[in-house]
Every structure is written in C-alpha cells, then in structure tokens.
Amino acid sequence: MRIRTRTLALAAATTLAATGLTLPLTATAASAAPSERPPLTGDFDGDGYADLAVGVPSGTVDGKARAGYVSVVFGGADGPGSGGVRRITQATVEVPGTPETGDRFGGAVTTAHVDDDKYADLVIGAPGEDIDGKADAGSVTVLYGTGDGFALADTAARGEKTGDAYGMSLAAADFTGDTDVDLAIGGKDKVVANLNPYAARTEPVMADRMGGRAPVMTTGDFDSDGRPELAVAYYTQNQPYTQSHIQLYSYNTDVSRFTGYWNSDNGAANALAAGDFNGDGHDDLALGNCREIADENIDDPCGPERFAEGGGIHIHYGSSRGLIWEGQTLNQDTPGVPGVAETGDDFGNALAAADIDGDGKDDLIAGAPGEAIGSAARAGSVTVLKGGAKGILDASGAASAVAYQQDSPGIPGVAEKGDAFGTALLTADHDGDGRPDLSVAAPGENASAGGVWELPSVTASGVTAITPKSIGLPASAHPYAYGAVLAR
C-alpha cells in the first residue's frame, strides 16, 4: 500500500494556455462530492475549500516588533480571500502565550489533521519564544480547526535550553504507523519529534551542525513500507567544518525511535519535494538548488556538476527497495526548460509537487527567486515541469515545461528588481474545483511588503494577488515579507 502525506482529489486536465504549453488530456473519474473526498489538509473550517496560511514572523503585534503572526486567508469558490481572512497571534484567545518582541510566531507553519476530525489544524512555530528565562528556546503550537475557523490550542513543543529555537521548520505525518499525526520539529542544529501533539513532549531525531539555518524537511514513503519517512537537508561551511547532507529517517518500531537509513554526503539542497513523478506507485525525492558543498568529487551527490550552474534539481526515484541513487538532473540549460542557467538564479530554491493534469503522475514546480527578468535583477520566476513515464525528463533527457513571472500575460504586476517571485510555493485546492491551484510568494514585492499570487489550476488565467494591503494587515515596524513562509 502506498501512503502519501499530501492528498488532493484531482479531476479534469489543465491547459497552460497563456504560454502555449498544453498538458495532455487524460481520462479521469468524475469529481466526487466534497463530503466524499478525503479531508483537505488545509481546510480549517471544513467548508470543502483549502485555506491559505501565511506566516508573518516579522509582524508587529501590540507594539512588539517581530512578535509575529499567521495570516489565514480562507478559500472559497473564487479562491483565497473569498471566504474571509483572519490574523492569528499569541494575543488570540485560543493561543497560548503572549506576544513578545522577537518571538517570530509564524516562523514556520504547516497543516495536519491532528485530532482526526474533518477540520484541518494549524501548526505554528515560534523559534524566538523565550521559555522560563531561556532566550530563543522556541515553541510550537497546534491550533485546532472548527466549523467557524479555530477552537482550542495545545503547546506541542517547548525548547529545552537557550537558543534551541524549536519551530524553525515543521513537517507532519504518521511516522509511527499508529494512524495518529506526529510532528517533526526543526531547531538550531537539531530535529526533534512529537509523537503526541496534545502534549509538549519531544524526542530526538538527529543533531548536527547546520550553519544557523533551519533544516529543510519533507515527508514521503521512500522505502515503500507503507509508512512515511522524514527527509532532512542541511549544510554548514567552516563552522568549524564544512559538510552537507540529505538524509532519510524512519521510525523504527523495534527500538521505538527514529533511525537514519539513507544519506547523501556532500550534497546540499535548499528545498525538498516528494512526489511520484513517473507514476510507478513509489514516492520520489526532488532536491532543489542542489549542489556539492564539500567539493570532494566523490560521488556527484547532485548529479553532474555542470547542472549546478544557476541552481540544479536532482531527483532520486523510488523503487520497492527505496530511493535509487542514479536519478535525473536538470537546470535551466536542460532542453525544454525555459530560460538560461545563470549564477544567482537559484533555480529550485523552492519546490512543490502535485498532479496538475490528473494523469497519475505528479508534476514538479520550481521557484527561481534570483532569476533576472530583463534588467530587473532577482525579480524571480516559477517553472512547471510535467511528470511522465520516465519522470520529469523524457528518454532523450528533455523536459516539458512552462515558466511564469510577473511579466507573463495574465500575471498581475510587473517584474521588478528584488521581487523574488517564486521564493515559496504551495499547491492546494483553494477554489474547490477538484484541481490543485498554485500559490507563489514574492516577499520582496513593494519594498518587501510582499504578496502571494494565486494561479487557479496552475494556469495564468484568473490570477489574483494577495497582499498585506489587500487584506488589511495592520502596520508593522518591519517589512512584512508577506509570503516568505507558506503553510505546507
């Protein structure tokens, strides 16, 4: 049995009309009624529309700079915003704690069905939270969804010492196989897990130097045993040594703890995405902006080094025996991929996966927030790469892809220096039509006020932009950088 940690019911095929690329039509089952679909992982109020949650850790709350909050934009028939908006802070009645300067509440956000009802729950990290006099110990809060939005909340993790910074990154899945959701929590130089989110008890997963960055995490059933595993990417340079790793951890029921079973030494990735890109029933792992840090030239952990120019994507394909080392590697010089690989593009710095056209093969979306558009440096772009029988690349090594940026027909706005369009990505069915929509963040928009662009069915038709101004966010002492943190 194949277990996917992200579920979305898909229906009719999608045409990427604005750019001339048409994804092939495939026969699909008729859309089920909303009540018959699996619960949407981002539907907090249970109305059949996935909702958009945006972390704003730089936001000011009650005069406290960088106290942070989460902006929830409820989905509806016309997409995010048509169902209303809500701002969640530590001053919100249901939420434990108090807004304090530097808490960075909303520094990481994910969604999960923690309490097994039809309402999705919101999991929020606050890596700057001080606990019992321990500065920046960090905390994680689970806020439970209800029919009118949200209800009670639990504290799921509390940092044990100064600087633990619990809540720098988050992932959710049933790692133990007991049907209950577990949380993986990234902190400073460590990852811990909470196997009972109703209580603030954690246990170690792994610890190593990570250069002060949040560990990058995703989940998938990479060894095909019916239970999802945790993928972690991190690196450090000269602190006090240089290293980089992409590692897989599974919960070992024999010893009741997480153990590592797969490791890609010397490979660093700024993004990870799990999906079945070749439709063989096994989860594959995509490594975004993959490159070799240690430069020991041992095993080319990110594929041929020439593909690292401008940012490369390396894909390890799944099998009945787990991930296969030999995979596919691509960048913007790969045939069929729009653009040119240039230093600083950061192609693949954000990744998302979804079956856009309902053909049973996941497609891969890659952000390149450093991409120059004309003379506008770091304006950013997004590339949609179609999955196929051979994966993201066909037998000749070519891709079928289309790129969007703010100068594309149908995309609101103008590509401007520093917009960083494509910094964060999210796929979810926000308008309830049974097809995935794409949310693209441009946190540098308007002097780092930021915004999120919503592409219905991953097309440039009917695109809308959600900005701090459009949803009436209060003034902040620091730029919002709205969209830099999207719930996954």
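Details of the structure are given in the entry above.
Reading the values: the criteria
- Residues numbered from 1 in each chain as written.
- Predicted model: local features only at pLDDT ≥ 70, side-chain atom pairs only at ≥ 80, totals over all residues.
- Heavy atoms only, no water.
- Helix = DSSP H or I, 4+ residues; strand = E, 2+ residues; numbered from the N terminus.
- Rg over C-alpha atoms; globule rule 2.2 N^0.38 Å.
- Buried < 20%, exposed > 50% of the residue type's maximum accessible area, 1.4 Å probe, protein only.
- Contact = heavy atoms within 4.5 Å.
- Areas by Shrake-Rupley, 256 points an atom, 1.4 Å probe, with all protein chains shown as cover.
- Phe/Tyr/Trp six-rings, centres within 6.5 Å; stacked < 30°, edge-to-face > 60°.
- Pairing = 2+ DSSP bridges.
- Axes fitted to C-alpha atoms, helices over the stretch in contact; angles between N-to-C directions.
- Patch = residues over 30% accessible without salt bridge, like charges linked within 9 Å, V, L, I, M, F, W, Y side chains within 5 Å.
- Salt bridge = Lys/Arg side-chain N within 4 Å of Asp/Glu carboxyl O.
- Lys, Arg positive; Asp, Glu negative; His and termini not counted.
- Charge placed at Lys NZ, Arg CZ, Asp CG, Glu CD.

Concerning the overall build of the protein
From N to C terminus, the protein includes one helix and 31 strands. For a compact globule of 488 residues, the expected C-alpha radius of gyration is about 23 Å, and the protein comes in at 21 Å, within 12% of that figure. Along the longest, intermediate and shortest principal axes, the C-alpha atoms of the protein span 60 × 50 × 45 Å. The proportion of buried residues among the 488 residues of the protein is 59%. Contacts spanning at least 24 positions in sequence make up 56% of the contacts within the protein whose residues lie at least 6 apart. Total accessible area on the protein stands at roughly 17,800 Å², and carbon and sulfur atoms take up 49% of it.

Considerations on the packing of aromatic side chains
To describe a pair of aromatic rings, one takes the distance between the centres and the angle between the planes. Scanning all chains against the criterion turns up six aromatic pairs. Centre to centre, the rings of Phe44 and Phe150 are 5.2 Å apart; their planes meet at 40°, and the pair counts as tilted. One end of the pair, Phe44, is in the loop between strand E2 (21-22) and strand E3 (52-56); the other, Phe150, is in strand E9 (residues 149-158), and 106 residues separate them in sequence. The exposure classification of Phe44 matches that of Phe150, with both residues buried. Ring geometry for Phe175 versus Phe258: centroids 5.6 Å apart, planes at 75°, classification edge-to-face. In this pair, Phe175 sits in the loop between strand E10 (169-173) and strand E11 (182-187) while Phe258 sits in strand E17 (residues 257-265), placing the two residues 83 residues apart along the sequence. Of the two residues, Phe175 and Phe258, both sit in the buried class.

Structural notes on the sheet that holds E10
One key point about sheets: their strands pair by backbone hydrogen bonds, in either a parallel or an antiparallel sense. Spatial ordering of the open sheet is given by E10-E11-E12-E13, a layout of four strands whose pairing is antiparallel. With partners counted over all chains shown, the strands left at the sheet margins are E10 and strand E13 (203-207), one partner each. In this sheet, neighbouring strand axes are inclined to one another by 20° on average, regardless of whether the strands run parallel or antiparallel. Inspection of the sheet shows strand E12 (residues 190-194) paired to E13 by four bridges, in the antiparallel sense. When the bridges of E13 are listed, Val192 appears paired with Pro204.

Some words on the sheet that holds strand E16 (residues 243-252)
Taking strand neighbours across the sheet as the criterion, the four strands line up as E14-E15-E16-E17 in an open arrangement whose pairing is antiparallel. The open sheet is flanked by strand E14 (216-220) and E17, the only strands paired with a single partner. Taken over all neighbouring pairs, the strand axes of this sheet differ in orientation by 25° on average, direction set aside. Here eight bridges tie E16 to E17, and the two strands are oriented antiparallel to one another. For Asn252, the partnering residue across the bridge sits in E17 and is Arg257.

As for unusual backbone geometry
Note that the residue after Gln239, namely Pro240, is joined by a cis bond; omega there is -10°. A positive phi angle, near 80°, is found at Thr179, a position not held by glycine. One can find Thr179 in the loop between E10 and E11. With relative accessibility at 63%, the residue Thr179 sits in the exposed group. Of note, Asn266 is a non-glycine position whose phi angle comes to about 75°, a positive value. In this structure, Asn266 sits in the loop between E17 and strand E18 (267-268). Relative accessible area serves as the criterion here: at 8%, Asn266 is assigned to the buried category.

Notes on a negative patch on the surface
A surface patch of like charges, here negative, comprises Asp265, Asp299, Asp300 and Glu305. Considering the arrangement of structural elements, one finds Glu305 in the loop between strand E20 (284-292) and strand E21 (312-316). Owing to a relative accessible area of 42%, Glu305 belongs among the partly exposed residues under this scheme.

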